[in-house]
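# Chain and residue survey
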Amino acid sequence: METIQVVLDQTLLRATDQAARRNKQNRSQLIRDALRSHLRRLQVRALEETERAAYSRQPASVQESLLWEREAAWPAE
């Protein structure tokens, strides 16, 4: 692991320390977990944007949409 320096304002630092105590973690672990979570959300957002752009270039046909609608429907009881 690398040691880095991060500048936080007092309010954010206080909230970070409180959250770390609540979760029984140290500050570094809380920040690592938060950063991993944020990076995963950014990756998902980038993939969604890629798909959105692809569908904008070539929209799904009506038949394709109906096929996926049937797949997504709850089965009859």
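My aim in this report is to walk through the structure given alongside it, one point at a time. Treat the numbers as computed from the prediction; the structure is a model and nothing was measured.

### Overview of the overall build of the protein
- A tally of helices and strands in the protein yields three helices and zero strands.
- Along its sequence from the N terminus, the protein presents helices and strands in the succession α-α-α.
- Taken over C-alpha atoms, the radius of gyration comes to 22 Å for the protein, far larger than the 11 Å a tight globule of 77 residues would show.
- Considering the protein as a whole, with its 77 residues, one finds that 6% of them fall into the buried category.
- Within the structure as shown, the protein displays about 7600 Å² of accessible surface, and the carbon and sulfur contribution to it stands at 55%.
- One way to put it: in the protein the 13 positive side-chain charges average out to a point 12 Å from where the 11 negative ones average out.

### Concerning the packing of helix H1 (residues 10-22) against helix H2 (residues 27-57)
- Running from N to C, H1 and H2 cross one another at 100°; their axes reach a closest spacing of 9 Å. The angle between the axes of H1 and H2 places the two elements in the roughly perpendicular class. Between H1, through Leu13, Thr16, Asp17, Ala19 and Ala20, and H2, the contact on the second element is made entirely by Arg27, Leu30 and Ile31.
- Across the contact of H1 with H2, the residue classes tally to five nonpolar, one polar and two charged.

### Things to note about the pattern of salt bridges
- Enumeration according to the criterion identifies three salt bridges in this entry.
- The partner of Arg27 in a salt bridge is Asp17, and the shortest N-O contact between them spans 2.7 Å. On the criterion of sequence distance, the pair formed by Arg27 in helix H2 and Asp17 in helix H1 is long-range, its members being 10 residues apart.
- On the basis of relative accessible area, Asp17 is assigned to the buried category, the value being 19%.
- As a salt-bridge pair, Arg52 and Glu49 come within 2.6 Å of each other at their nearest N and O atoms. Of this pair, Arg52 and Glu49 both sit in helix H2, three residues apart, which is roughly one turn of that helix.

About the criteria used
Residues numbered from 1 in each chain as written. Predicted model: local features only at pLDDT ≥ 70, side-chain atom pairs only at ≥ 80, totals over all residues. Heavy atoms only, no water. Helix = DSSP H or I, 4+ residues; strand = E, 2+ residues; numbered from the N terminus. Rg over C-alpha atoms; globule rule 2.2 N^0.38 Å. Buried < 20%, exposed > 50% of the residue type's maximum accessible area, 1.4 Å probe, protein only. Areas by Shrake-Rupley, 256 points an atom, 1.4 Å probe, with all protein chains shown as cover. Lys, Arg positive; Asp, Glu negative; His and termini not counted. Charge placed at Lys NZ, Arg CZ, Asp CG, Glu CD. Axes fitted to C-alpha atoms, helices over the stretch in contact; angles between N-to-C directions. Parallel < 35°, antiparallel > 145°, perpendicular 65-115°, else oblique. Contact = heavy atoms within 4.5 Å. Nonpolar A, V, L, I, M, F, W, Y, C, P; charged D, E, K, R; others polar. Salt bridge = Lys/Arg side-chain N within 4 Å of Asp/Glu carboxyl O.

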